[in-house]
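Listed below are the residues making up each chain.
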Amino acid sequence: SAGIGKCVAMELARRNARTILACRSQERGQAAVEEIRAATGNPAVVLRLLDTSSLASVRAFASAVLRQESRLDVLVNNAGVTGLPFAITSEGLEQTFATNYLGPFLLTNLLLDLLKASAPARVVNVSSFRHSVGTADSGFLTGQRRPGGYDAAYNSTKLMNVLFTTELARRLQGTGVTVNALSPGVVSTSIMRHFSWAVRVLFSLLRPFMKSAEQGAASTIFCAISEEAEGITGKYFDSSCRLALPSAAARDAALARKLWEASERLTGLTEQ
């Protein structure tokens, strides 16, 4: 309903795509839908409620999409929060890790059959250059262990987004569904709203040197619809839409598999 996600939705709607906004807030989501419809003249922009920190919400959202949509050409996993206090959800998951990583992991897996049936199709995972200072410890997902350092939870979720991308690409070989991760760069959005006032003041002083949300959406849009990205899978793009090498940890295939297996267990996918 705001920031990069809204700019991506606006661009997809402008290109006449049927566009589903997945938002936590009915009010903010509906306002974004109406704004996008008015700006693009595309009536096929719809709102569906989704809170990626809740696996129950993810399952309800996916089941509605599978029931009501005949195809899915592009899935953009854009949910990202930072600065939240450490907290365990009612499902036993740490909230930042659930929102930024486990929810999108489950959502993508639940929608895979529809994506395959719509091939060629694309999955786009919004990561960050900050993934390079993250740690992918599956104990973080349930709060058994906690990452140390400033904004460490966010950085680690962004590393997990890249590891998920490479392992999913390996599993999807030959299906016609591609998956890539990207960094939007340093973007002026409301993502810092959960931090202390001192951090927010510093962030606002730096705003003139940051990308706007529209500029920050460019690499996501590039991965989602550009002809240049067609057929490319399992890769990481920088904020200038160029192929880049992610960190050494992000290229660790064994770590990616281990994280995938832990994520399957925690989301209940192994039981299906």
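Residues numbered from 1 in each chain as written. Predicted model: local features only at pLDDT ≥ 70, side-chain atom pairs only at ≥ 80, totals over all residues. Heavy atoms only, no water.

To continue, consider the overall build of the protein. Helix and strand counts for the protein stand at 9 helices and 7 strands. The proportion of buried residues among the 272 residues of the protein is 50%. Intrachain contacts of the protein at a sequence separation of at least 6 include 76% that bridge at least 24 residues. Roughly 12,600 Å² of accessible area belongs to the protein as shown, and the carbon and sulfur atoms make up 52% of that amount. (Helix = DSSP H or I, 4+ residues; strand = E, 2+ residues; numbered from the N terminus. Buried < 20%, exposed > 50% of the residue type's maximum accessible area, 1.4 Å probe, protein only. Contact = heavy atoms within 4.5 Å. Areas by Shrake-Rupley, 256 points an atom, 1.4 Å probe, with all protein chains shown as cover.)

Once that is clear, we can look at the sheet that holds strand S6 (residues 236-237). With mixed pairing, the 5 strands of this open sheet are ordered in space as S3-S4-S5-S6-S7. The open sheet has two free edges, formed respectively by strand S3 (74-77) and strand S7 (243-244), since each of these has just one partner strand. Both S3 and strand S4 (residues 121-126) contribute to a ladder of 4 bridges, which runs parallel. Residue Leu75 lies in a different strand from S4, and its bridge partner there is Val123. Sheet strands touched by helix H4 (residues 95-117): S3, S4 and strand S5 (177-182). Its angle to S3, the strand with the most contacts, is close to 175°. (Pairing = 2+ DSSP bridges. Axes fitted to C-alpha atoms, helices over the stretch in contact; angles between N-to-C directions.)

Another point: the packing of helix H1 (residues 3-14) against helix H8 (residues 218-225). At a minimum axis distance of 9 Å, the contact between H1 and H8 shows a crossing angle of 40°. Between H1 and H8, the angle is such that the two are oblique. Crossing geometry of H1 relative to H8 is assigned as right-handed. Here H1 contributes Ile4, Cys7, Val8, Glu11 and Leu12 to the contact with H8, which in turn contributes Thr220, Ile221 and Ile225. Here the residues of the contact of H1 with H8 are counted per class, giving 6 nonpolar, 1 polar and 1 charged. (Parallel < 35°, antiparallel > 145°, perpendicular 65-115°, else oblique. Left-handed = near helix turned anticlockwise from the far one by under 90°. Nonpolar A, V, L, I, M, F, W, Y, C, P; charged D, E, K, R; others polar.)

Attention now goes to the pairing of S3. Residues Leu75 and Asn77 line the buried face of S3, whereas the alternating positions Val74 and Val76 sit on a face that is not buried. Taken together, S3, H4 and S4 constitute a β-α-β crossover, and its handedness is right-handed. (Right-handed = clockwise from strand over helix to strand, strands pointing away.)

Next up on the list: the pairing of strand S1 (residues 19-23). A regular strand places its side chains so that they alternate between the two faces of the sheet. Residues of S1 alternate between two faces, with Thr19, Leu21 and Cys23 buried on one and Ile20 and Ala22 left unburied on the opposite face. For the crossover that starts at S1, traverses helix H2 (residues 26-40) and ends in the parallel strand S2 (residues 45-49), the hand is right-handed.

So, on to the packing of H4 against helix H9 (residues 253-267). Helices that pack against each other are described as a pair by the angle of their axes relative to one another and the distance between those axes. Contact geometry of H4 with H9 gives a least axis separation of 10 Å together with a crossing angle of 85°. With respect to their mutual orientation, H4 and H9 come out roughly perpendicular. In this structure, H4 uses Tyr101, Leu102, Phe105, Leu106 and Asn109 to contact H9, whose residues at the interface are Leu259, Trp260, Ser263, Glu264, Leu266 and Thr267. Class assignment of the residues belonging to the contact of H4 with H9 gives a composition of 7 nonpolar, 3 polar and 1 charged.

This brings us to the environment of Tyr154. Take Tyr154: it is sitting in helix H5 (residues 152-171). The exposure class of Tyr154 is buried, given its relative accessible area of 12%. In the structure, Tyr154 is positioned 26 residues away from Ser128 in sequence and 9.4 Å away in space, judged by C-alpha atoms.

Once that is clear, we can look at unusual backbone geometry. Cis geometry marks the peptide bond from Ala119 to Pro120; its omega dihedral reads 5°. Within the secondary structure, Pro120 sits in the loop between H4 and S4.

A word on the nonpolar core. Membership of the largest hydrophobic core comes to 43 residues, with the highest contact counts inside it found for Tyr101, Leu107, Leu111, Leu115, Leu141, Met160 and Leu168. Elements with a contribution of two residues or more to this core: helix H3 (55-68), H4, S4, H5, S5 and H9. It is H4 that provides the largest number of residues to this core, a total of 12 residues. Formed by 10 residues, the second largest nonpolar core is a distinct cluster that contains Ala9, Leu21, Val33 and Leu47. (Core = buried A, V, L, I, M, F, W, Y, C linked by side-chain atoms within 4.5 Å.)

The residue Ser247 is located in the loop between S7 and H9 in this model. The exposure class of Ser247 is buried, given its relative accessible area of 16%. Beyond its immediate chain neighbours, meaning those up to four positions away, Ser247 contacts His131, Ser132 and Leu159.

The full count for this structure, using the stated rule, is 7 aromatic pairs. Measuring from centroid to centroid gives 4.9 Å for Phe105 and Trp260, while their planes differ by 75°, and the two rings are edge-to-face. Here Phe105 is found in helix H4, whereas its partner Trp260 is found in helix H9, with 155 residues between them in sequence. Assigned by exposure class, Phe105 and Trp260 land together as buried. The interplanar angle of 35° and the centroid separation of 5.8 Å between the aromatic rings of Phe164 and Trp260 together place this pair among those described as tilted. On the criterion of sequence distance, the pair formed by Phe164 in helix H5 and Trp260 in helix H9 is long-range, its members being 96 residues apart. Judged by relative accessible area, which is 3%, Phe164 ranks as buried. Judged by relative accessible area, Trp260 falls into the buried class, the value being 3%. Between the NZ or CZ atom of Arg146 and the centre of the ring of Phe86, over which it lies, the distance is 3.8 Å. (Phe/Tyr/Trp six-rings, centres within 6.5 Å; stacked < 30°, edge-to-face > 60°. Lys NZ or Arg CZ within 6 Å of the ring centre and 35° of its normal.)

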